[in-house]
Amino acid sequence: MATDTTETVAGACVDAGGSALGMPQLCADWMPNQIFWLVVSLIAIYFVMSRIALPRIGAVLAERSGTITNDIAAAEELKNKAAEAEAAYDQALLDARAEAHKIVAEAKAEIQAELDVEMQKADAQIAAKTAESEAAISEIRAGAMENVKAVAKDTAKELVAALGGSADAKSITAAVNDRMKG
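All values derive from a computational prediction rather than experimental measurement.

1. Some details on the overall build of the protein chain
- From N to C terminus, the protein chain includes 3 helices and 0 strands.
- Listing every helix and strand of the protein chain by position from the N terminus yields α-α-α.
- For the protein chain, whose C-alpha radius of gyration is 67 Å, the value lies well above the compact-globule estimate of 16 Å for 182 residues.
- Each of the three principal axes of the protein chain carries a C-alpha extent, and together these read 205 × 35 × 20 Å.

2. Some remarks on helix α2 (residues 31–162)
- Taken as a whole, α2 carries its principal kink of about 45° at Met-49.
- Backbone geometry just downstream of α2 places Gly-164 in the positive-phi region, at approximately 95°.

3. So, the pattern of salt bridges
- Enumeration over the complete set of coordinates arrives at 2 salt bridges.
- For Lys-81, the salt bridge is made with Glu-77, and the minimal N-O distance between the two is 3.4 Å. With a gap of 4 residues between them, Lys-81 and Glu-77 both fall in helix α2, about one helical turn apart.
- Salt-bridge contacts for Glu-118 lead to Lys-121; the nearest nitrogen and oxygen are separated by 3.8 Å. Note that Glu-118 and Lys-121 are positioned in helix α2 at a spacing of 3 residues, about one turn of the helix.
- By relative accessible area, which is 47% here, Glu-118 ends up partly exposed.

4. Here's the deal with the environment of Met-23
- Examined against the element boundaries, Met-23 turns out to sit in the loop between α1 (2–10) and α2.
- For Met-23, a relative accessible area of 48% corresponds to the partly exposed category.
- For Met-23 and Glu-158, which are 135 residues apart along the polypeptide, the C-alpha to C-alpha distance reads 171 Å.

5. With respect to the packing of aromatic side chains
- Applying the stated criterion to the full structure yields 2 aromatic pairs.
- Judged by centre distance (5.7 Å) and plane angle (65°), the ring pair of Tyr-46 and Phe-47 falls under edge-to-face.
- A relative accessible area of 55% places Tyr-46 in the exposed class.
- Relative accessible area serves as the criterion here: at 41%, Phe-47 is assigned to the partly exposed category.

6. Looking at a negative patch on the surface
- Where like charges cluster on the molecular surface, the negative patch consists of Asp-95, Glu-99, Glu-106, Glu-110 and Glu-114.
- Structurally, the position occupied by Glu-106 is in helix α2.

7. A closer look at the packing of α2 against helix α3 (residues 169–181)
- Between α2 and α3, the least distance of the axes is 10 Å, while the angle of their chain directions is 130°. Compared by their axis directions, α2 and α3 come out oblique. The handedness of the crossing between α2 and α3 is right-handed. In this structure, α2 uses Met-145, Val-148, Lys-149, Ala-152, Lys-153, Ala-156 and Lys-157 to contact α3, whose residues at the interface are Ile-172, Thr-173, Val-176, Asn-177 and Met-180.
- By residue class, the composition of the contact of α2 with α3 is 7 nonpolar, 2 polar and 3 charged.

8. Details of the environment of Leu-93
- Looking at the element boundaries, Leu-93 is found in helix α2.
- Sequence separation between Leu-93 and Ala-62 is 31 residues; the distance between their C-alpha atoms is 46 Å.

Conventions used here
- Residues numbered from 1 in each chain as written.
- Predicted model: local features only at pLDDT ≥ 70, side-chain atom pairs only at ≥ 80, totals over all residues.
- Heavy atoms only, no water.
- Helix = DSSP H or I, 4+ residues; strand = E, 2+ residues; numbered from the N terminus.
- Rg over C-alpha atoms; globule rule 2.2 N^0.38 Å.
- Bend = angle between axes of the 7 residues up to and from the residue.
- Salt bridge = Lys/Arg side-chain N within 4 Å of Asp/Glu carboxyl O.
- Buried < 20%, exposed > 50% of the residue type's maximum accessible area, 1.4 Å probe, protein only.
- Phe/Tyr/Trp six-rings, centres within 6.5 Å; stacked < 30°, edge-to-face > 60°.
- Patch = residues over 30% accessible without salt bridge, like charges linked within 9 Å, V, L, I, M, F, W, Y side chains within 5 Å.
- Areas by Shrake-Rupley, 256 points an atom, 1.4 Å probe, with all protein chains shown as cover.
- Lys, Arg positive; Asp, Glu negative; His and termini not counted.
- Charge placed at Lys NZ, Arg CZ, Asp CG, Glu CD.
- Axes fitted to C-alpha atoms, helices over the stretch in contact; angles between N-to-C directions.
- Parallel < 35°, antiparallel > 145°, perpendicular 65-115°, else oblique.
- Left-handed = near helix turned anticlockwise from the far one by under 90°.
- Contact = heavy atoms within 4.5 Å.
- Nonpolar A, V, L, I, M, F, W, Y, C, P; charged D, E, K, R; others polar.

Just distances and angles here, no functional claims.
Set out below in structure tokens:
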């Protein structure tokens with residue numbers, strides 16, 4: 001009797017020794033049982049996925065999306081700050097250049113003013129030295145003229161005496177003075 005039950009359950013898919021004939025999953029007698037367990041397994045997998053796994057995956061995806069959005073916003077804010085900092089740097093650089101040009105212009109003006117003052121002092125000193133030199137030259141000329149007159153008078157007196165004439169000092173002085181005038 002036990003063998004009858006085994007044959008009824010196994011059917012045509014099992015031989016007398018209990019071994020499967022061909023591929024057991026393709027046995028038509030076992031198909032309804034396989035379909036039942038397939039449906040039960042798929043329903044169990046669906047409930048596990050829909051109640052446990054998919055909500056966790058959705059939460060992770062939402063968190064990642066929020067993180068990415070926040071990171072993009074932070075990057076955009078940092079980019080704007082960097083652009084503002086660059087603009088401030090450029091403006092500071094322009095201001096510094098303008099200030100440097102202003103300082104250079106002021107320094108040039110001060111140097112030019114000092115140079116003008118020193119040039120005026122130098123011109124005044126040169127004019128004073130020139131006046132002194134001209135006065136000295138005039139004195140030397142006057143002295144030289146007096147010496148020339150004295151030498152001319154002495155020479156004329158000696159020449160007149162050597163030639164055998166006599167001349168008084170007044171006539172020699174008058175003759176030398178006439179000759180010196182031109």
